[in-house]
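Structural characterization, general
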Amino acid sequence: MGLSVIFGVVRLVNFAHGEMMVLGMFAAVLLATAWGIDPLLSALPVAGLLFLAGYGLQRGLLNRFIDRPDHQQFILLLGIAMILVNGLLMVFGPDARSTNVPYGFDAFFLGDISLDKTRVYAATGALIVAAALYAFFRFSRTGIAIRACADNQLGAAVVGLNVKGLYATTFGIGSAVVGIAGCLMSLVIDVRPQLAAEYTLLSFIIVIVGGLGSMGGALLGGVLIGVSEALAGVLIDPSRKQMVSYGLLILVLLIRPQGLLGKRA
């Protein structure tokens, strides 16, 4: 959803999305290791830090590239992604790390079905963030102003809105959301810097399936990809489950190129 929000408003494809998520994961691991803070609780301070980082990045650097050709934006964000990954490798090394929460091996039972507590908590946190994000853009003055910039940049500037400032706020919000995602994901998997590229690609598959720029589409795409990969891992082969994701992506592009909930250009 963070990737979709940034593209929907700023029209900037964040190729460092997975790297920012991994940064949030490492922050959650550090807080859990040093002070025993649960990743569910550390999500708020991590979101605040990444909001400030995203806001400063957009305000100080990315705003200068808004009107430049797409390939220049791509090279810039790819460079930022490489800096983040190599910085994490220098600081933490290539080894995997985990949060080791007390309930890591506990489960909820529904009859014969067992549900890992970590996955239930992560999914619940994701739904809460999605609802909060929707409410922010639907009801708050800042959210309405950001939507106005997304609909008509020139019109928003004419009526006195600070477009570049709102762009920076939007990138900060997208960064905060992916920081929360990193904290939630640290409950489910071990973190290592090399995960970044994998999750950047997965994020793109999700938002393309759901529709670039659509928050509802990102949520729907995430559910579809997650369920399809889980079923493929059970019915086909765990090592081949990503084939289903790519197959679903190709199918959506053939039938509905703008995505399931996306708008035609």
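It should be noted that the structure appears before, not after, this text.
The present account deals with the structure reproduced in this document. All values derive from a computational prediction rather than experimental measurement. (Residues numbered from 1 in each chain as written. Predicted model: local features only at pLDDT ≥ 70, side-chain atom pairs only at ≥ 80, totals over all residues. Heavy atoms only, no water.)

1. Quick notes on the overall build of the chain
Looking only at helices and strands, the chain has eleven helices and two strands in total. N-terminal to C-terminal, the α/β element order of the chain is α-α-α-α-β-β-α-α-α-α-α-α-α. Compactness check: the chain gives a C-alpha radius of gyration of 19 Å against a globular reference of 18 Å for 265 residues, within 12% of the reference. In terms of principal-axis extent, the alpha carbons of the chain reach across some 60 × 45 × 35 Å. Evaluated residue by residue, the chain yields a buried proportion of 43% over its 265 residues. In the chain, once contacts between residues fewer than 6 apart in sequence are set aside, the share between residues at least 24 apart is 71%. Accessible surface for the chain amounts to roughly 14200 Å². Of this, 66% is attributable to carbon and sulfur atoms. Computed over 17 positive and 13 negative side-chain charges, the separation of the two mean positions in the chain equals 14 Å. (Helix = DSSP H or I, 4+ residues; strand = E, 2+ residues; numbered from the N terminus. Rg over C-alpha atoms; globule rule 2.2 N^0.38 Å. Buried < 20%, exposed > 50% of the residue type's maximum accessible area, 1.4 Å probe, protein only. Contact = heavy atoms within 4.5 Å. Areas by Shrake-Rupley, 256 points an atom, 1.4 Å probe, with all protein chains shown as cover. Lys, Arg positive; Asp, Glu negative; His and termini not counted. Charge placed at Lys NZ, Arg CZ, Asp CG, Glu CD.)

2. Concerning a nonpolar patch on the surface
Judged by side-chain polarity, Leu 127, Leu 219, Val 223, Val 227, Leu 231, Val 234, Leu 235 and Ile 236 come together as a nonpolar surface patch covering roughly 810 Å² of accessible area. Per-element tally for the nonpolar patch: the top contributor is helix H10 (residues 215–235), with six residues. Among the secondary structure elements, Val 223 is positioned in helix H10. (Patch = residues over 30% accessible without salt bridge, like charges linked within 9 Å, V, L, I, M, F, W, Y side chains within 5 Å. Salt bridge = Lys/Arg side-chain N within 4 Å of Asp/Glu carboxyl O.)

3. What about the packing of aromatic side chains?
Under the defined criterion, the tally for this structure stands at seven aromatic pairs. Arranged with centres 5.1 Å apart and planes meeting at 80°, the rings of Tyr 103 and Tyr 121 form a pair that is edge-to-face. A residue pair is termed long-range when its members are at least 10 positions apart, and Tyr 103 in the loop between helix H4 (70–92) and strand E1 (107–110) and Tyr 121 in helix H5 (residues 117–139) qualify at 18 residues. Classification of Tyr 103 by relative accessible area gives buried; the value is 13%. One aromatic cluster in this structure is built from Phe 15, Phe 74 and Phe 204. Over the face of the ring belonging to Phe 7 we find Arg 11, whose NZ or CZ atom lies 5.7 Å from the ring centre. (Phe/Tyr/Trp six-rings, centres within 6.5 Å; stacked < 30°, edge-to-face > 60°. Lys NZ or Arg CZ within 6 Å of the ring centre and 35° of its normal.)

4. Brief notes about the pairing of strand E2 (residues 113–116)
Note: E1 against E2, four bridges, orientation antiparallel. Of the residues in E2, the one forming a bridge with Ala 107 is Asp 116. A loop of two residues connects E1 with E2, the two strands running antiparallel in sequence, and Gly 111 in this loop sits at a positive phi of about 65°. (Pairing = 2+ DSSP bridges.)

5. Describing unusual backbone geometry
Here Arg 11, not a glycine, exhibits a phi torsion of approximately 60°, which is positive. Among the secondary structure elements, Arg 11 is positioned in the loop between helix H1 (2–10) and helix H2 (17–35). Backbone geometry places Asn 100, a non-glycine residue, at a positive phi of 55°. Along the chain, Asn 100 turns up in the loop between H4 and E1.

6. Let's talk about the nonpolar core
One finds Val 22, Leu 62, Leu 133 and Tyr 167 to be the most contacted residues of the largest nonpolar core, which totals 40 residues. Not counting the four nearest positions on each side in its chain, Leu 62 is found in contact with Leu 12, Leu 57, Leu 76, Leu 77, Ile 80 and Phe 171. The next biggest cluster of nonpolar side chains, apart from the first, holds eleven residues, and it includes Ala 28, Leu 31, Val 46 and Ala 47. (Core = buried A, V, L, I, M, F, W, Y, C linked by side-chain atoms within 4.5 Å.)

7. A short note on the environment of Leu 248
Relative to the elements of secondary structure, Leu 248 occurs in helix H11 (residues 241–255). With a relative accessible area of 21%, Leu 248 lands in the partly exposed category. Along the chain, Leu 248 and Ile 225 lie 23 residues apart, while their C-alpha atoms are 8.0 Å from each other. The residues contacting Leu 248, other than those within four sequence positions of it, are Leu 224, Ile 225 and Ser 228.

8. A look at the packing of H2 against helix H8 (residues 163–185)
Running from amino to carboxyl end, H2 crosses H8 at an angle of 55°, the nearest separation of the two axes being 7 Å. In terms of their interaxial angle, H2 and H8 are classed as oblique. Considering only the axes of H2 and H8, their crossing is right-handed. Across from His 17, Met 20, Met 21, Gly 24, Met 25 and Ala 28 in H2, the residues of H8 making contact are Phe 171, Ser 175, Val 178, Gly 179, Ala 181, Gly 182, Cys 183 and Met 185. Partitioning the contact of H2 with H8 into residue classes produces nine nonpolar, five polar and no charged. (Axes fitted to C-alpha atoms, helices over the stretch in contact; angles between N-to-C directions. Parallel < 35°, antiparallel > 145°, perpendicular 65-115°, else oblique. Left-handed = near helix turned anticlockwise from the far one by under 90°. Nonpolar A, V, L, I, M, F, W, Y, C, P; charged D, E, K, R; others polar.)

9. Looking at H11
Between its terminal C-alpha atoms H11 stretches 22 Å, which fits the 21 Å expected from 15 residues at 1.5 Å a residue. The complete set of buried residues in H11 reads Ser 245, Leu 249 and Val 252. Summarising the axial view, the buried residues of H11 lie within an arc of 70°, below the 170-degree limit, and thus occupy one face. Exposed side of H11, more than 90 degrees from the buried face: Met 243, Ile 250, Leu 254 and Ile 255 are the residues found there. In this fold, the buried residues of H11 make contact with helix H9 (195–210) and H10. (Expected span 1.5 Å × (residues − 1). Arc of directions from axis to C-beta.)

10. Considering H2
Given 3.6 residues to a turn, an α-helix orients residues that are three or four positions apart in the same direction. The end-to-end C-alpha distance of H2, which contains 19 residues, comes to 27 Å, matching closely the 27 Å that a straight helix rising 1.5 Å per residue would cover. After H2 finishes, the residue Gly 36 shows a positive phi value of roughly 70°.

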